Structures are given as C-alpha cells and as structure tokens.
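# Architecture at a glance
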Amino acid sequence: MASSLNQSMLIIFVVGVFCLFFATPSIAELPRFTHHLQPQQSLHLLVVGDWGRKGTHNQSLVAHQMGIAGEKLNIDFVISTGDNFYEDGLKGVDDPAFYESFVDIYTAPSLQKTWYSVLGNHDYRGDVEAELSPTLRQKDSRWLCLRSFILDGEIVEFFFVDTTPFVEEYFTDPKEHTYDWDGVLPRGAYLSELMKDVDSALARSKAKWKVVVGHHTINSAGHHGNTEELKHLLVPILEANDVDAYINGHDHCLQHIIDKNSGIHFLTSGGGSKAWKSDVKPWNREELKLYYDGQGFMSMQITKNDINIIFYDVYGKILHTWTISKDHNVAAWI
Ligand SMILES: *[C@@H]1O[C@H](CO)[C@@H](O)[C@H](O)[C@H]1NC(C)=O
C-alpha cells in the first residue's frame, strides 16, 4: 500500500516536472522559413493583395506588370496580403479557382518563386484547411499559405499574422456570410496565444529590419479604414518591438502612411484586382504619403541599410517611391 502510494506520488512528481520543463515553456513557436540572401546581400520582392478573381477586374493586367517588375528586380519571392480567392475562398483542394485565379494568371517566369501568403476574410468564408493544405503545393510548388509564420531573410524578418480572427464583427454580426472558424475557436485563447507568439518572436529577432504582414488594415484612409482591434491589440506589440513596417491588404488601394508618433510605415497593397474608386477618407497630410484608388502592386528592395519601396499602377507606371534608412553608425553605437 505504502509503496504503491509512493509510486503514484513519484509518477505525479515526474509528470509535474515534465510539464514544468517541457509543456509550460512550449509557447508553441510559429513555423519558420529561411530565405538565404543573394550574393549581393539584398532581397527583392513584390507584394500584392486582394487578387483572386479569375483574371477579371484587371487582375491579369496587374499580373502582367508584376511579371515585368519581377524580372527587372530579379525578385526572390512574392508576398500575398490575403483575400487570395474571391468571393468565398476555396471550396476544397480541388477547387478549379486555384488554377483560374492563381496558377494560370501569374505565369511570368519572374513570378515562379515562392508566394508567402496569409489568409484574408474572404478566404475564411471558404474551406480554410484546403487553402492551407500542402496538397496545393503539390499542384503548384509556389504556393505557401499558413495562418501565422515567420520568414527569416537574414537582414530582415517577416512576421506573418493571421488578422481575420481579431475582427469582432465577423463573429458577432457575420451577415449573410459563413466563416470557417475551425482551428480558431475558442477565439480568446487563439488570439492571446498568437499575440504571445508574435511578441516573443519579435523580441528575440536579431534582424536589422522587422516587418509584420497581415491582411487587415491598421491605419488606412480607405473604405474599411482602421481596424480598431488591431490598433488595440497588435500595435502595442509592434511599437514595443521596434517594428519598421506593417504591410496589409483589405482596402483595395495602394497606400503609404507613416505614423507620426511611432514612425512605423503602414503599407497597403490591396490592388490585385477590383479597386474602389474615390473611396477615401480624409487623413493627416503629413502622414499620408500615397493614396491611390486604382489597381497595382508594390515592390521592396531591402539591404542592410535601406528599404526601398515602389508602388506601381496597372500599366506598370511608378506612382510613388520611398526609402527607409537606418543609420549605420548610430546602430553601431548601441
Ligand atoms: C482597368 O484599369 C484601367 C486603368 O486604371 C481602368 O480605367 C479600368 O476601369 C480598369 N478596369 C476594371 C474592370 O477595373
């Protein structure tokens, strides 16, 4: 009797120690990918969002210009800011929309690189597991879509964040839409775990540049405007960890806002297909560097010292460029 009691106490003790050392600190780390730099130590990429409309609404024209810009810049990869498949995501892994809106549209040789993609609210109206499924990668090896993950590009780290579950309205007032919340509920735990993971990954990052990517706007003069949930929950994490830029889609426009308090660059690239003409709210002119209400995309060229961004319209015309610099010497002193 006594020995069996001792035995069970020993088991409890061992299990307890195990939990303490292995389970508790296993703050489920975000999946991580690495992109090694070209010999010239720079990284070139395109950013497009809100695109999958089977080539309509100028999606094909934007795709064509992305091919040209991609070739000129010799891009390493593409980032998609979500709303990849309209109107309601993918119906399953065999949905022909994957070909009609992605594979058969972005056919230029320069675009045959990995597409690091997040989900948008329209993707959440379909079969989310299908859009995330590795089966799609067998159909087209470029496709890489996860809810939240990290891309380590040596001088820069990209933190991709699943922003749709932050938006309260999709849960409380979904209107005629049905969202696929499998894997997200209970929402509170999902969000707090995600914020903890993003915060700790940002804090640990030794990259020169930290860039966060999500579907939803944070600061935007566009149709949807600011996403208050992200302003309350994500912005403090971005500010505390010296994030340089936040890239999003959701508003179907091209936009560059520099927050005058934090200095964070808010870059909207949501012009992959249907655009919303003249749907713009007033915004502080000092902060708003570009608002373009037509279709297009963005490029980034990143070196240790600079990030050069360019916005292009549907004809490939350059609408706006900006260079974000970090002073070498100042950094060296710290
Ligand atoms: C395609 O782009 C051109 C140039 O911006 C614009 O005039 C036209 O309305 C666009 N078409 C559609 C269907 O959005």
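Residues numbered from 1 in each chain as written. Predicted model: local features only at pLDDT ≥ 70, side-chain atom pairs only at ≥ 80, totals over all residues.

### Re the UniProt feature "binding site: Fe cation 1" (unreviewed entry) in the protein
Here the UniProt feature "binding site: Fe cation 1" (unreviewed entry) sits at Asp50, Asp83, Tyr86 and His252. The greatest C-alpha distance among the residues just named is 13.1 Å, despite their covering 203 residues of sequence, which places them together in space. Checked against the element boundaries, Asp50 lands in the loop between β2 (43–48) and α2 (59–73). If we skip the residues at most four places from it in the chain, Asp50 touches Asp83, Gly120, Gly249, His252, Gly270, Gly272 and Ser273. Sequence-distant contacts of Asp83, defined by excluding residues within four places in its chain, comprise Gly49, Asp50, Gly120, Asn121, His122, Asp123, His215 and Gly249. (UniProt positions renumbered as here; feature names shortened; annotations may be inferred. Helix = DSSP H or I, 4+ residues; strand = E, 2+ residues; numbered from the N terminus. Contact = placed C-beta atoms within 7 Å.)

### Quick look at unusual backbone geometry
A cis amide bond, omega -10°, links Tyr86 with the succeeding residue Glu87. Inspection of the secondary structure puts Glu87 in the loop between β3 (77–80) and α3 (97–103). Cis rather than trans, the peptide bond between Leu185 and Pro186 has omega equal to -5°. In this structure, Pro186 sits in the loop between α6 (169–172) and α7 (187–204).

### Topic: the site of the ligand
For the ligand, the full set of nearby residues is His57, Asn58, Gly294, Gln295 and Val314. Of the residues contributing to the shell around the ligand, the split by class is one nonpolar, four polar and no charged. (Near = placed C-beta within 6 Å. Nonpolar A, V, L, I, M, F, W, Y, C, P; charged D, E, K, R; others polar.)

### Looking at the sheet that holds strand β5 (residues 143–145)
The strand order across the open sheet formed by seven strands is β5-β4-β3-β2-β13-β14-β15, and the pairing between neighbours is mixed. Only two strands of the sheet have a single neighbouring strand rather than two, namely β5 and β15 (318–325). Recorded for the sheet is a direction-independent mean angle of 20° between the axes of neighbouring strands. As defined by bridge partners, β2 adjoins strand β13 (residues 296–302) across five bridges and the pair is classed as antiparallel. Paired with Leu46 across the bridge in β13 is Ser299. (Pairing = 2+ DSSP bridges. Axes fitted to C-alpha atoms, helices over the stretch in contact; angles between N-to-C directions.)

### Comments concerning the sheet that holds strand β9 (residues 245–248)
Taken in spatial order, the eight strands make up an open sheet running β1-β6-β7-β8-β9-β11-β10-β12, and their pairing is mixed. In this open sheet, the two strands that pair with only one neighbour each are β1 (32–34) and β12 (288–292). For this sheet, the mean angle separating the axes of adjacent strands, direction not counted, is 15°. Relative to β9, strand β8 (residues 209–214) runs parallel, the two being bridged by three bridges. Its bridge partner being in β9, Val212 is matched across the sheet by Tyr246.

### Remarks on α2
In this model, α2 (15 residues) spans 21 Å end to end at C-alpha, consistent with the 21 Å of a helix rising 1.5 Å per residue. Residues of α2 that are buried sit in contact with β2, β13 and β14 (306–313). Just downstream of α2, Asn74 is the residue with a positive phi angle, here 50°. (Expected span 1.5 Å × (residues − 1).)

### Points about the pairing of β9
Both faces of β9 are covered, namely the face carrying Ala245 and Ile247 and the face carrying Tyr246 and Asn248. Here β9 runs beside strand β11 (residues 265–269); their pairing, made up of four bridges, is parallel. Counted as the bridge partner of Ile247 is Leu267 from β11. (Buried ≥ 20, exposed ≤ 12 C-beta atoms within 10 Å, placed from the backbone.)

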